[in-house]
Amino acid sequence: MEKIVILTGAGISAESGLGTFRDEGGLWAQHRIEDVATPEGFARDPALVHRFYNARRVQAAEAQPNAAHDALARLQRDWPSEVVIITQNVDNLHEAGGAQGVIHMHGTLAGALCAACGHRWTAPPEMAVGEPCPACAAPTARPDVVWFGEMPYHMDAIYDHLAGASIFAAIGTSGQVYPAAAFVHEAMMSGARTVELNLEPSTGASSFDEVILGPATEAVPRWVD
Ligand SMILES: CC(C)NC(=O)[C@H](Cc1c[nH]c2ccccc12)NC(=O)[C@H](CCCC/N=C(/NCCC(=O)O)S[C@H]1O[C@H](COP(=O)(O)OP(=O)(O)OC[C@H]2O[C@@H](n3cnc4c(N)ncnc43)[C@H](O)[C@@H]2O)[C@@H](O)[C@H]1O)NC(=O)OCc1ccccc1
């Protein structure tokens with residue numbers, strides 16, 4: 001039976017009230033990537049970075065999954081074969097929508113990470129500079145997210161899933177950040193049928209067999225059902 005692999009981006013959470021990165025007034029319009037989403041930025045000004053992620057953590061905690069998240073969870077339940085969801089998003093709206101085993105390749109807002117010993121724990125709503133690690137007590141707690149220049153999480157598992165995909169779908173992503181933006185090529189190489197669902201054609205739209213345009217809360221349930 002056909003294995004489905006799905007990659008999601010900020011666009012799937014936009015209608016849940018979580019800003020995307022590159023759209024008008026998006027996160028990157030308000031903040032310089034270099035300052036808030038790089039290890040160098042964190043070393044330079046950890047207070048600024050914690051403020052950025054604390055605000056997003058509080059916002060994400062109040063957000064509700066939308067019809068697109070729900071539809072993917074339903075597909076996972078009803079499809080007779082494996083449906084794998086890989087997300088670039090650091091919110092947990094897929095899980096809140098009922099999805100299982102979601103692969104967070106860029107980490108999660110809900111997690112804290114010790115930059116000294118690698119210990120992970122549940123992040124408090126507001127992380128503070130110098131927060132001690134519960135394992136080694138080093139004052140080097142950081143958000144458990146993948147910053148630019150850092151290796152994304154679960155890459156081996158992701159490449160295995162892409163190699164076995166019969167259907168690859170990219171939903172709500174602009175296709176501008178790597179290695180996620182290259183997953184469509186990995187999937188095509190293993191003979192998968194590829195479809196993009198987005199508000200507008202992404203940077204990599206021409207690489208897909210099919211492009212379905214529209215808001216995720218309309219396009220995704222229609223594609224699933
Ligand atoms: C800017 C870009 C050129 N730079 C990179 O890609 C860099 C460098 C790089 C690596 N390889 C390259 C090759 C070429 C060029 C550059 C590179 N990549 C890295 O540094 C990565 C690490 C990148 C991760 C950075 N962290 C993020 N997030 C976590 C933190 C945080 O969230 O704060 S990235 C962050 O931005 C990206 C945003 O993209 P989208 O989610 O697509 O969001 P965007 O706003 O752009 O687009 C939204 C889309 O939705 C649509 N939309 C809007 N509303 C709706 C709606 N309602 N319905 C449907 N669609 C909608 C819009 O039309 C739009 O198309 C996401 O990945 C998101 O996680 N690490 C790495 O490469 O390690 C080595 C390596 C290499 C190979 C293999 C293994 C390792």
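Residues numbered from 1 in each chain as written. Predicted model: local features only at pLDDT ≥ 70, side-chain atom pairs only at ≥ 80, totals over all residues. Heavy atoms only, no water.

Turning our eyes to something else, we now look at the domain arrangement of the chain. We note that the domain assignment places domain 1 (1-18 + 65-106 + 151-225) and domain 2 (24-62 + 111-145) within the chain. The distance between the C-alpha centroids of domain 1 and domain 2 comes to 26 Å. Residue-level contacts link six residues of domain 1 with seven residues of domain 2. Taking both sides of the interface into account, the surface hidden between domain 1 and domain 2 amounts to around 500 Å²; carbon and sulfur atoms contribute 54%. A per-residue breakdown of the area domain 1 buries against domain 2 is headed by Leu18, Val90 and Tyr153, which together make up 70% of the total. In this assembly, domain 1 and domain 2 are joined by zero salt bridges. (Domains from an automatic or database assignment. Contact = heavy atoms within 4.5 Å. Buried area = accessible area lost by both parts, 1.4 Å probe. Salt bridge = Lys/Arg side-chain N within 4 Å of Asp/Glu carboxyl O.)

As a further point, take the sheet that holds strand E8 (residues 193-198). In space, the six strands of this open sheet follow the order E3-E2-E1-E7-E8-E9, with parallel pairing throughout. Whereas interior strands pair on both sides, the edge strands pair on one side only; in this sheet they are strand E3 (103-104) and strand E9 (210-213). With five bridges connecting them, strand E1 (residues 4-8) and strand E2 (residues 83-87) associate as parallel partners. Note that in E2 the partner of Leu7 across the bridge is Ile86. (Pairing = 2+ DSSP bridges. Helix = DSSP H or I, 4+ residues; strand = E, 2+ residues; numbered from the N terminus.)

Around the ligand, a shell composed of 35 residues is seen, among which Arg56, Val146, Gly149, Thr173 and Ser174 lie nearest. At 2.7 Å from an oxygen atom of the ligand is found a main-chain nitrogen or oxygen belonging to Gly149. Glu200 is positioned with one of its side-chain polar atoms (N or O) 2.9 Å from an oxygen atom of the ligand. For the ligand, the protein covers 79% of the area, taking 1500 Å² as the surface of the free molecule. (Near = heavy atom within 4 Å. Polar contact = N/O pair within 3.5 Å; in protein donor to acceptor, adjacent residues only side chain to side chain. Areas by Shrake-Rupley, 256 points an atom, 1.4 Å probe, with all protein chains shown as cover.)

Take the pattern of salt bridges next. Counting across every chain of the model gives six salt bridges. Of the charged contacts in the structure, one is a salt bridge between Arg142 and Glu150, with a shortest N-O distance of 2.8 Å. Linked through salt bridges whose partners overlap, the residues forming this network are Arg32, Asp35 and Arg44.

Right, let's talk about the confidence of the model for the chain for a bit. A residue-level look at the chain finds 100% of positions with pLDDT of 70 or above and a mean pLDDT of 95. Taken over the whole predicted complex, pTM reads 0.96, whereas the ipTM for its chain interfaces reads 0.95. (pLDDT = per-residue confidence, 0-100.)

Structurally, Ala187 is set in helix H8 (residues 183-189). Spatially, the C-alpha atom of Ala187 lies 8.0 Å from that of Ser166, the residues being 21 residues apart in sequence. Once residues within four sequence positions are removed from consideration, Ala187 is found in contact with Leu162, Phe168 and Ala192.

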